[in-house]
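# Reading the structure
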Amino acid sequence: MTSQTSGTSEPGATDRDAFRATLHSLRVWENPPPAFDTGAAPAEPLPLFREWFLHAAAAGQQEPHTMSLATADAEGRPDVRVLMLHDADERGWHFATHATSAKGRQLAGQPQAALAFYWPAVARQVRIRGRVTACSPQESRADLAVRSQGALASALTGRQSEVLGSREELERASAAAWERAAAEPDAPAPTWTRYVLDAAEVEIFQGDPARRHARLRYRRTAGSAWVRELLWP
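My aim in this report is to walk through the structure given alongside it, one point at a time. (Residues numbered from 1 in each chain as written. Predicted model: local features only at pLDDT ≥ 70, side-chain atom pairs only at ≥ 80, totals over all residues. Heavy atoms only, no water.)

### Considerations on the pairing of strand β8 (residues 214–220)
Across a regular strand the side chains alternate sides, sitting on one face of the sheet and then on the other. Where strand β7 (residues 192–206) lies against β8, six bridges are found, and the strand directions are antiparallel. Pairing of phenylalanine 205 across the sheet is with arginine 215, part of β8. With six bridges joining them, β8 and strand β9 (residues 226–231) adopt antiparallel strand pairing. Bridge pairing in β9 links arginine 220 to tryptophan 226. Turn length for the β8-β9 hairpin, with the two strands adjacent in sequence and antiparallel, is five residues, and the turn residue serine 224 shows positive phi of about 75°. (Pairing = 2+ DSSP bridges. Helix = DSSP H or I, 4+ residues; strand = E, 2+ residues; numbered from the N terminus.)

Structural data, given as structure tokens:
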């Protein structure tokens, strides 16, 4: 039986080795992270979130308003995607999507979700969990009205998460939606829905190069008061 030539490598080995070498060479938080005095943190998480958001934007963090939204389907399988924050106020953290999309259907069946913001420029992240409610059609329409023409065109294209027959089909539908958005800036997109996540738990994470990360969790009690707790990294 002839032995395999020593110089022969298994299929994909070069790509695999390059991937692993690059993965293991990466480092994070090369610049000194900002200070975070957990003892001086406010009694509620919203003011601190807003402060950190503004700080991340001022520090040059690209798209600090992007966040991961995690939901669960009818079988309990987790699902996650990246989308944009539309507001953060006393009601909660706001975002929008089509009610007929995968996440819209999942939220209708299981209205609990989680959000995660990651701002590597300042070694910070924020994790939020709570119940999600859909806003009224009037508020959802107002949400779309203040966005760009491209956002309206995308909403009018619709059919988010459905199977696409071809790229040409998308291009035709998108072109028609852009044309309508230009001609009708107030064109309705009936399934477009604004959602609000009412936080029951918010974790504030400040990275530390020595891996002594600061983790401050806000947890809402049965009486709606916030309790602050430090967590081990």
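### Some remarks on the pattern of salt bridges
If you walk through the whole model with that rule in mind, you get 16 salt bridges. The salt bridge involving glutamate 203 is made with arginine 127; its shortest N-O contact spans 2.6 Å. Here glutamate 203, found in strand β7, pairs with arginine 127, found in strand β6 (residues 124–134); they are 76 residues apart in sequence, far enough to count as distant. Using a relative accessible area of 6% as the deciding quantity, one classes glutamate 203 as buried. (Salt bridge = Lys/Arg side-chain N within 4 Å of Asp/Glu carboxyl O. Buried < 20%, exposed > 50% of the residue type's maximum accessible area, 1.4 Å probe, protein only.)

### Brief notes about the packing of helix α5 (residues 149–157) against helix α6 (residues 167–183)
For the pair α5 and α6, interaxial distance at closest approach is 8 Å and the crossing angle is 125°. Classed by the angle they form, the pair α5 and α6 counts as oblique. Here the hand of the crossing between α5 and α6 comes out right-handed. When α5 is examined against α6, the residues Gln149, Gly150, Leu152, Ala153, Leu156 and Thr157 are found in contact with a partner set consisting of Leu170, Ala173, Ser174, Ala177, Trp178, Arg180, Ala181 and Ala182. Residue classes in the contact of α5 with α6 are distributed as nine nonpolar, four polar and one charged. (Axes fitted to C-alpha atoms, helices over the stretch in contact; angles between N-to-C directions. Parallel < 35°, antiparallel > 145°, perpendicular 65-115°, else oblique. Left-handed = near helix turned anticlockwise from the far one by under 90°. Contact = heavy atoms within 4.5 Å. Nonpolar A, V, L, I, M, F, W, Y, C, P; charged D, E, K, R; others polar.)

### Some remarks on helix α2 (residues 45–58)
The end-to-end C-alpha distance of α2, which contains 14 residues, comes to 20 Å, matching closely the 20 Å that a straight helix rising 1.5 Å per residue would cover. Of the positions making up α2, those classed as buried are Pro45, Leu46, Leu48, Phe49, Trp52 and Ala56. For α2, the arc enclosing every buried residue in end-on projection is 160°, short of the 170-degree limit, so these residues lie on one face. Along α2, exposed side chains directed more than 90 degrees from the buried face belong to Glu51, Leu54 and Ala58. (Expected span 1.5 Å × (residues − 1). Arc of directions from axis to C-beta.)

### Here's the deal with unusual backbone geometry
Even without being glycine, glutamate 63 reaches a positive phi, approximately 45°. For glutamate 63, the location among the structural elements is in the loop between α2 and β1 (66–72). With a phi close to 65°, arginine 211 is a non-glycine residue in the positive phi region. By the element assignment, arginine 211 lies in the loop between β7 and β8.

### Focus on the nonpolar core
Within the largest apolar cluster, 31 residues are counted, with the highest numbers of intra-cluster contacts made by Trp93, Phe117, Val126, Ile128, Val202 and Ile204. At the level of elements, α2, β1, β4 (92–98), β5 (112–119), β6, β7 and β8 are the ones that each hand at least two residues to this core. One finds Leu144, Leu152, Leu156 and Trp192 within the second-largest nonpolar core, a separate group that totals eleven residues. (Core = buried A, V, L, I, M, F, W, Y, C linked by side-chain atoms within 4.5 Å.)

### A short note on a nonpolar patch on the surface
Nonpolar side chains collect at one region of the surface, where Phe19, Leu23 and Leu26 lie side by side and expose about 330 Å² of accessible area between them. For leucine 26, the position within the fold is in the loop between α1 (13–25) and α2. A relative accessible area of 56% places leucine 26 in the exposed class. (Patch = residues over 30% accessible without salt bridge, like charges linked within 9 Å, V, L, I, M, F, W, Y side chains within 5 Å. Areas by Shrake-Rupley, 256 points an atom, 1.4 Å probe, with all protein chains shown as cover.)

### A few points about the environment of proline 42
Tracing the backbone through its elements, the reader meets proline 42 in the loop between α1 and α2. With 186 residues separating them in the primary sequence, proline 42 and arginine 228 have C-alpha atoms 9.4 Å apart. With sequence-adjacent residues up to four places away left out, proline 42 is seen in contact with Pro47, Leu48, Tyr218 and Arg228.

### What about the environment of glutamate 162?
Locating glutamate 162 in the fold gives a position in the loop between α5 and α6. Residues glutamate 162 and serine 101 lie 61 residues apart in sequence; the distance between their C-alpha atoms is 7.8 Å.

### Let's talk about the packing of aromatic side chains
A full pass over the atoms with the stated rule returns ten aromatic pairs. Relative to tryptophan 119, the ring of phenylalanine 53 has its centre 6.2 Å away and its plane inclined at 75°; by these criteria the two rings are edge-to-face. You can see phenylalanine 53 sitting in helix α2 and its partner tryptophan 119 sitting in strand β5, a full 66 residues away along the chain. For tryptophan 119, a relative accessible area of 1% puts it in the buried group. Each residue in the set Phe49, Phe53, Trp93, Phe117 and Trp119 is aromatic and connected to the rest through ring pairs, giving one cluster. Looking at arginine 124, its charged tip hangs above the ring of tryptophan 52, at a distance of 3.9 Å from the centre. (Phe/Tyr/Trp six-rings, centres within 6.5 Å; stacked < 30°, edge-to-face > 60°. Lys NZ or Arg CZ within 6 Å of the ring centre and 35° of its normal.)

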